[in-house]
Structure formats: structure tokens, C-alpha cells
Amino acid sequence: MRRTAAAVTALLTLAVTALTADLATGAQAAALSSAPRATTSAGTTGFGCAHPSHAGQVRCFGALKAHRTPSGRMSPFTSGSPTTAGYVPSDLRSAYKLGGTSGSGRTVAIVDAMDDPNAEADLAAYRRAYGLPSCTTANGCFHKVNQSGHASPLPSGDHGWAEEISLDLDMVSAACPGCHILLVEAKSANVPDLMAAEDTAATTPGVVSVSNSWGGTEDNTITSFDSHFHHPGVAITASSGDSGYGVSWPASSPYVTAVGGTSLSKASTARGWTETAWSGAGSGCSAYEAKPSWQHDSRCAGRTVADVAAVADPNTGVAVYDTYNNCGGGMLCDTELQLGLAQGADGWVEVGGTSVSSPIIASVYALAGNTAQVVGGSYPYGHRSALNDVTSGSNGSCGGTYLCTAGPGYDGPTGLGTPNGTGAF
């Protein structure tokens, strides 16, 4: 993007004004209290695809870790390097005991809306940074198609959905470095277009699992779309949501594995890690979907969300590489991103949301190689011993029941638990 000297001067003046205000606010706050205090606080902000514009349109479930100054202003999205932006592939494979498995060329499909023009280049940068094998169109590992399964025409580019796409591709790479990846881009975030993309993904030869990191509010239309997730022999995962206690669809569909979220931290334990339920993960009792035969929890007559979980808290987030923005990159672009004058990201970011956990679980299904036996979300229920039970944390108020509060055994925010190897998948 080309700018005039006057425009650059105006932008820098705005940035200096913002920085001065932040420093003044910080100094004032420090003067009011003699107790030690941090100069920044950590929060989160949703991707640009997190705000549907009308009914029948879904949102993605990714969230950026946003470092904020004392005045609440957001700092640049970029974190600087592949080792300072959250958990890396070796961390995730350690936390979930996925070492020694590679996927053997099985294909994980990702369904998202809109196009990420930088998807393949950003994927290459992520994999190169962590020494993962190359995954390109040229070597047959990576394919990007539209909702009809064709290489062109692709949808219009979208900066928010591009962040989601980068996250999904990077998490498949991290959890299943030997997997092939199929990216299917719907032409809009409207449900009918995403259903076309879902069918394309699930019926493409070689695909063993499909991840969906998006969803919407349940209503009386959802059951009419459930058949698009009914592909026996293909494991389909769906994020449970990022707004805390409450149910979203398609996570509530009986034909998917509903994936909740955790906060993941390193620990001096035999496992080396500890997890609690993430406060933002979706969960609850469906008002429209019937109880699947493989669920037996007592306080929900319908479909209960979630089934399993993985890391999702942006404050214990994962490293992702994304460069699709509308400001061109560099320090000036970072300033524009900071001030909300530009969209997208500019390099390494730390992200979370159940958009992280869904592609991780889809990849673990691919690693396990048992998807011929998978029907809906049922398989983990017969293999509970191969999961890490998450027993603490809550995502809201539900009378203190398991629907929003983690505890021994099954609970809503984390389901049966998180992967302890591939045995539950």
C-alpha cells in the first residue's frame, strides 16, 4: 500500500499521541498506588470473522492474545519470532503424547469461509520455522480448493478468515506433521455455502478427518443441515465456541466430535503439563438435537457439548504465522494494526479459541488411523482411559453442575478430557 508523506506524518502523529496517552495513564496510575503493578495486562480480541452480519451466517472461533497498555490500548499483533509467540509443535506433541506418530500421508481437511491468498506461503514459513517437512501444492501435500472442489475461482480474500485459515493449517502441521492438508474455502460464511464445502471435504479421496473451527447459535433450522456432517468413516470435528457456557452448532450435531477447550500450562509433574477448563469454551445442553445413543450424562435430555477438548485459552495460546493484511507489512503496518486502522496480522501471533482445539483433535484422529470405525462423536466414549481427565475450571453459571464446571469424569467444557496419545481416537 502506497502512502503520501502527509499520510505517513499523520499516522505517526497519531501513534505518538496514543503512546503519550498510554505513558501518561501509566504514570498517573502508578502515582495513585504504591503497590507493585504490571505495566501491561493481557486480554484477547476475536478475529475479524467473529461478527456475523445476519442470521444464517456463522463466526469463526479464533482469538488473538492482545497485549494491552495501561490505558487499554492494544499493542501490535505481531510477537516477533516463532519462539516468543506461544506454544510450538514440540510443546503440543509433548502435552498430548503424540511423539513417534506422523500421519503417514493421511489427509486432514479444513473447512473455512473466504480465501487466504497467503495460505500456502504462510504455511511454508510456519513449517520451516519448526523443521517440519515441506507441505506444498507441488509435492502433493497441500491442496486449496473452492466449495465445489475446484482450484478456481477462489472466494474473495478476507483478513479475519485468513487468520482462521492460518491457525487451522498450522495446528494440523503441529499435531500431524506427516499429514496431507486439504483446505476447502466456502464462498461466504453463510451456512449453505459451508455445507457445500463440508460435503466436498468429506468426500475427497484420502480425507480421513475434517475440522470446522466455526459455528453459530442454535435454532430450529439446524437439524435440516446435519446430514452434511454424516459421513461414516470420516471423523468430523467442530469447535464448541468461545463465549463461555452455551451451545453452538455444528458442535451440537450428533455427527461431529464436539471439541471444548482448556488452559494448558507446563508443570513439574509426571506428565509435564497441567490443564483446567478454559473459561471461554462453549458447553451445555442442546435445545434442538436429540441425545445420541453413546451419551449417558444425567442432566441433559438432548445432545451435550462437548465430547473431548484440547488447548484453547489465548493466554496459554499457540504460535501461528499469518501475513495477510491490508497495510503491507513492516513497522508502520504494525502501528496501523495497533491503532485499529488496518486489518489482518503481520507475522507471528499468539492465538487461542476452540479454533485451536478442533484442528488438533481432527489431526489426532488422523494419527490414530481408526476413522473407518468412527461414527459421530462416539469413539472416545469407548476409550476413556486414553484421555487426560480435566477436573477443574468453569466456563459460566449452570447451578454448579457438570454442564459448565469441570470435575472427575465427563463434563461440558472439556468432555471426557484431552488426548493422552492416540488411543481414544
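Everything below is about the structure printed above this text.
Residues numbered from 1 in each chain as written. Predicted model: local features only at pLDDT ≥ 70, side-chain atom pairs only at ≥ 80, totals over all residues. Heavy atoms only, no water.

Draft legend 1. Examining the overall build of the protein more closely. Across its full length, the protein carries seven helices and 19 strands. Every one of the 425 residues in the protein was classed for burial, and the buried ones make up 58%. For the protein, the proportion of contacts with a sequence separation of at least 24, taken over those separated by at least 6, is 76%. (Helix = DSSP H or I, 4+ residues; strand = E, 2+ residues; numbered from the N terminus. Buried < 20%, exposed > 50% of the residue type's maximum accessible area, 1.4 Å probe, protein only. Contact = heavy atoms within 4.5 Å.)

Draft legend 2. Here's a closer look at the nonpolar core. Counting 105 residues, the largest nonpolar core has Trp161, Leu169, Met171, Val210, Val318, Val351 and Phe425 as the members making the most contacts within it. At nine residues, helix H7 (residues 354–368) tops the list of elements feeding residues into this core. The residues touching methionine 171, leaving out its near neighbours within four places in the chain, are Leu92, Tyr126, Val318, Ala319, Val320, Val356, Pro359, Ile360 and Ser363. (Core = buried A, V, L, I, M, F, W, Y, C linked by side-chain atoms within 4.5 Å.)

Draft legend 3. Just the state of the cysteines, in detail. Applying the stated criterion across every chain, the model contains six disulfides. Across a sulfur-sulfur distance of 1.9 Å, cysteine 176 and cysteine 179 are joined as a disulfide pair. Taking the torsion about the S-S bond as the criterion, the cysteine 176 to cysteine 179 disulfide, at about 65 degrees, is right-handed. Disulfide partner of cysteine 285: cysteine 300, at an S-S distance of 2.1 Å. Taking the sign of the S-S torsion, 85 degrees for the link of cysteine 285 and cysteine 300, the bridge is right-handed. Separated by 15 residues along the polypeptide, cysteine 285 in strand E13 (residues 284–290) and cysteine 300 in the loop between E13 and strand E14 (302–305) bring together distant segments of the chain. (Disulfide = S-S within 2.5 Å.)

Draft legend 4. Region of the structure containing the sheet that holds strand E10 (residues 248–249). The strand order E2-E8-E10 describes an open sheet built from three strands, whose pairing is antiparallel. A single partner strand is all that each edge strand has here, and the edge strands are strand E2 (59–60) and E10. Here E2 pairs with strand E8 (residues 214–217) via two bridges, running antiparallel. Paired with cysteine 60 across the strands is tryptophan 214, a residue of E8. (Pairing = 2+ DSSP bridges.)

Draft legend 5. Inspection of the packing of helix H3 (residues 119–129) against helix H4 (residues 159–175) at higher detail. Following both chains from N to C, one finds H3 and H4 inclined at 40 degrees, their axes separated by 10 Å at the closest point. With respect to each other, H3 and H4 are oriented oblique. Like other packed secondary-structure pairs, H3 and H4 cross with a definite hand, here right-handed. In contact with Ala119, Asp122, Leu123, Tyr126 and Arg127 of H3, H4 contributes Ile165, Ser166, Leu169, Asp170, Met171, Ser173 and Ala174. (Axes fitted to C-alpha atoms, helices over the stretch in contact; angles between N-to-C directions. Parallel < 35°, antiparallel > 145°, perpendicular 65-115°, else oblique. Left-handed = near helix turned anticlockwise from the far one by under 90°.)

Draft legend 6. Expanded view of the packing of H4 against H7. The contact between H4 and H7 brings their axes to 8 Å, and the two run at 35 degrees. Every pair of crossing elements has a handedness; the one defined by H4 and H7 is right-handed. The residues of H7 that touch H4, namely those facing Glu164, Leu167, Asp168, Met171, Val172 and Ala175, are Ser355, Val356, Pro359, Ile360, Ser363 and Leu367.

Draft legend 7. Just empty space enclosed by the protein, in detail. This structure, assessed with the given rule, holds one cavity of 30 Å³ or more. Of the volumes computed, that of the largest cavity is approximately 50 Å³. If you go around the largest cavity, the residues you meet are Phe229, His230, His231, Pro232, Val234, Ala235, Ile236, Tyr255, Val374, Val375 and Gly376. Of the residues contributing to the lining of the largest cavity, the split by class is eight nonpolar, three polar and no charged. (1 Å grid on protein atoms, 1.4 Å probe; cavity = no way out; pocket = protein on both sides within 12 Å on 5 of 7 lines; lining within 4 Å. Points joined across faces, edges and corners; volume = space filled by probe spheres on them. Nonpolar A, V, L, I, M, F, W, Y, C, P; charged D, E, K, R; others polar.)

Draft legend 8. Main features of the side chain of serine 239. Note on placement: serine 239 falls in strand E9 (residues 235–239). Separated by 2.7 Å, the side chain of serine 239 and the backbone oxygen of threonine 354 make a polar contact. Once you skip the residues sitting within four places of it in the chain, serine 239 turns out to touch Phe61, Asn212, Ser213, Trp214, Ser248, Ala251, Val259, Thr354, Ser355 and Ser358. (Polar contact = N/O pair within 3.5 Å; in protein donor to acceptor, adjacent residues only side chain to side chain.)

Draft legend 9. Region of the structure containing the environment of valine 364. Its place among the elements puts valine 364 in helix H7. Residue valine 364 is classed as buried on the basis of its relative accessible area of 0%. C-alpha separation for the pair valine 364 and leucine 98, spaced 266 residues apart in sequence, amounts to 8.0 Å.

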